[in-house]
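Examination of the molecular architecture
So the chains spell out like this:
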Amino acid sequence: MSNSLNLTPELRAWAEEMFGKIDAKMSKMTIRSRNKIPDGVDENGVHKDRFEEGKKWFNKNWWCNGFWGGLNYMLWAYTKNEEYLKTGKRSEELMDEALMNYDKLDHDLGFLWHLLSGASYKLTGDKASRCRNFFAANVLASRYVLNGGFIRAWNREPDWSIIDCLMNLPLLYWAADEIGDVRYKRIAMAHADMSIMDHLREDGSIAHICEHNRETGELVKTYGGQGYCEGSSWSRGQAWGLYGFTISYIHTGEKRYLDAAKRVANYFIANCSDDWLPRIDFRAPAEPVLYDSTAGAIAACGLIELAKILPETEGRYYLDAAVNMLRAMGEKFMNWDDNSDCMLDYGSVRYPCDGDLKKAGVHISIIYGDYFYTEAILKLLGAEFFPW
Ligand code: GLY
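Residues numbered from 1 in each chain as written. Predicted model: local features only at pLDDT ≥ 70, side-chain atom pairs only at ≥ 80, totals over all residues. Heavy atoms only, no water.

1. A word on the overall build of the protein chain
Looking only at helices and strands, the protein chain has 13 helices and 5 strands in total. For 388 residues, the compact-globule formula gives about 21 Å, and the C-alpha radius of gyration of the protein chain, at 19 Å, lands near that figure. C-alpha extents for the protein chain along the principal axes are approximately 55 × 45 × 45 Å. Restricting to contacts in the protein chain with at least 6 residues of sequence separation, those with at least 24 account for 69%. By element, 50% of the accessible surface of the protein chain is carried by carbon and sulfur atoms, the whole surface being about 15,200 Å². Side chains of the protein chain give 45 positive and 55 negative charges; the mean places of these two sets differ by 3 Å. (Helix = DSSP H or I, 4+ residues; strand = E, 2+ residues; numbered from the N terminus. Rg over C-alpha atoms; globule rule 2.2 N^0.38 Å. Contact = heavy atoms within 4.5 Å. Areas by Shrake-Rupley, 256 points an atom, 1.4 Å probe, with all protein chains shown as cover. Lys, Arg positive; Asp, Glu negative; His and termini not counted. Charge placed at Lys NZ, Arg CZ, Asp CG, Glu CD.)

Put into structure tokens, the structure is as follows:
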């Protein structure tokens, strides 16, 4: 099902150079941040620790807390540098406290554990990691709304689904395969089908949030969520859809997910600016120019997977777009200063609708930017480990 990418020697050399720089920087960061669960940096470029009590960012259940350990496992899979393995294991141990906070868990169980314990189990066979991932999978399955046919996203809004959840479905595909229980896969596919019906618009753009009728599952209304406004097109949401539908195709072989992924990919590429640096929302006013590098990194991962799935003549279009984004961001947004814990800069949490850039987290380093940028570069290099 998967083709090799046939990179030109020049492109391969570029990807090797980028990976060399990531590895050089990460091999220092992994040691100094081993006992932290970071999701970004403070004003001095030092990793903030989500587990540090008393800090305003203290939150053991923050949805990003699996990326640091996951990034370390991904790097260990490729380099076999034991320092990465040690940090991955330490991260998993720390995260056990979050796993037990049942009332604070929401749908982001895949981001939190599949990239961490799922990766650990696949790479090392550790039984404790398998157990953690199963626990997470069962909590995720329990969030499925039977009449509605969707997985409930957050705890405050019982009737909402969000496009991001496509990225939590691999946890359910894994559970189904691991014990041969198709129920987990059925839940994942029902949610993916709902996402095609309700989140994916006719033109290939995506609504971030859908509210459903609790009894029938019917779409009640959509919300702009982290984007500019209702009806706009939040670029990270487009990227979650692009990569998320691609992953559902990889796990199921169902063509409707591939078709959906291609629709989103075509929309995403058509809306990229000439400089290939993704804006926070494709339908926001042209000024001010506000970037979200994380959207580009996530989309690049999905585009590269599409290029591997499709015949080369068709896949080349998606690969070229991914490479254009990775190169543009590599040049403009990567921070190679060894003393800083910031790697991919210019991520943005949400569109600053009230004009307050700081409060909205605009142009900052975010751990999943580092995760997906590294994943994309490793895909170009032909790395075999697929964390999803
Ligand atoms: N999953 C939340 C976000 O993308 O910001």
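2. Some thoughts on the state of the cysteines
In this structure the tally under the stated criterion is 0 disulfides. The thiol sulfur of Cys 165 is not disulfide-bonded, and the nearest other cysteine sulfur, from Cys 210, lies at 12 Å. A disulfide-free cysteine, Cys 353 has its sulfur positioned 7.6 Å from the sulfur of Cys 229, the nearest such atom. Residue Cys 353 is classed as exposed on the basis of its relative accessible area of 52%. (Disulfide = S-S within 2.5 Å. Buried < 20%, exposed > 50% of the residue type's maximum accessible area, 1.4 Å probe, protein only.)

3. Overview of the site of the ligand
Surveying the vicinity of the ligand reveals the residues Trp 63, Asp 164, Gln 226, Trp 234, Arg 236, Trp 240 and Tyr 368. In the model, an oxygen atom of the ligand is placed 2.6 Å from a nitrogen or oxygen of the Arg 236 side chain. Trp 240 has a polar side-chain atom sitting 3.0 Å from an oxygen atom of the ligand. Within the complex, the protein chains bury 94% of what would otherwise be the 200 Å² of accessible surface of the ligand. (Near = heavy atom within 4 Å. Polar contact = N/O pair within 3.5 Å; in protein donor to acceptor, adjacent residues only side chain to side chain.)

4. Considering the nonpolar core
Counting 126 residues, the largest nonpolar core has Phe 67, Trp 113, Phe 372, Tyr 373 and Leu 380 as the members making the most contacts within it. Residue contributions to this core peak at 10 residues, all from helix H10 (residues 293–309). (Core = buried A, V, L, I, M, F, W, Y, C linked by side-chain atoms within 4.5 Å.)

5. Here's the deal with the sheet that holds strand S5 (residues 219–223)
Pairing within the open sheet is antiparallel, and its 3 strands lie in the order S3-S4-S5. If you trace the sheet from one side to the other, it starts and ends with strand S3 (160–162) and S5, each paired once. Neighbour-to-neighbour, the strand axes of the sheet open up by a mean angle of 25 degrees, direction not taken into account. One ladder, built from 4 bridges, connects strand S4 (residues 209–212) with S5; its direction is antiparallel. Among the inter-strand pairings, Cys 210 is bridged to a residue of S5, identified as Thr 222. (Pairing = 2+ DSSP bridges. Axes fitted to C-alpha atoms, helices over the stretch in contact; angles between N-to-C directions.)

6. Examining the environment of Pro 288
Here Pro 288 is to be found in the loop between helix H9 (255–271) and H10. The class of Pro 288 is partly exposed, set by a relative accessible area of 46%. Through-space distance from the C-alpha of Pro 288 to that of His 199 is 27 Å; in sequence the pair is 89 residues apart.

7. Some details on the pattern of salt bridges
Counting across every chain of the model gives 30 salt bridges. Note that Arg 283 is salt-bridged to Asp 203, the shortest N-O span being 2.5 Å. Pair noted here: Arg 283 is in the loop between H9 and H10 and Asp 203 is in the loop between helix H7 (182–199) and S4, with a separation of 80 residues, a long-range link. For Arg 283, a relative accessible area of 33% corresponds to the partly exposed category. Several salt bridges converge on common partners, so that one network encompasses Glu 305, Lys 308, Glu 375 and Lys 379. (Salt bridge = Lys/Arg side-chain N within 4 Å of Asp/Glu carboxyl O.)

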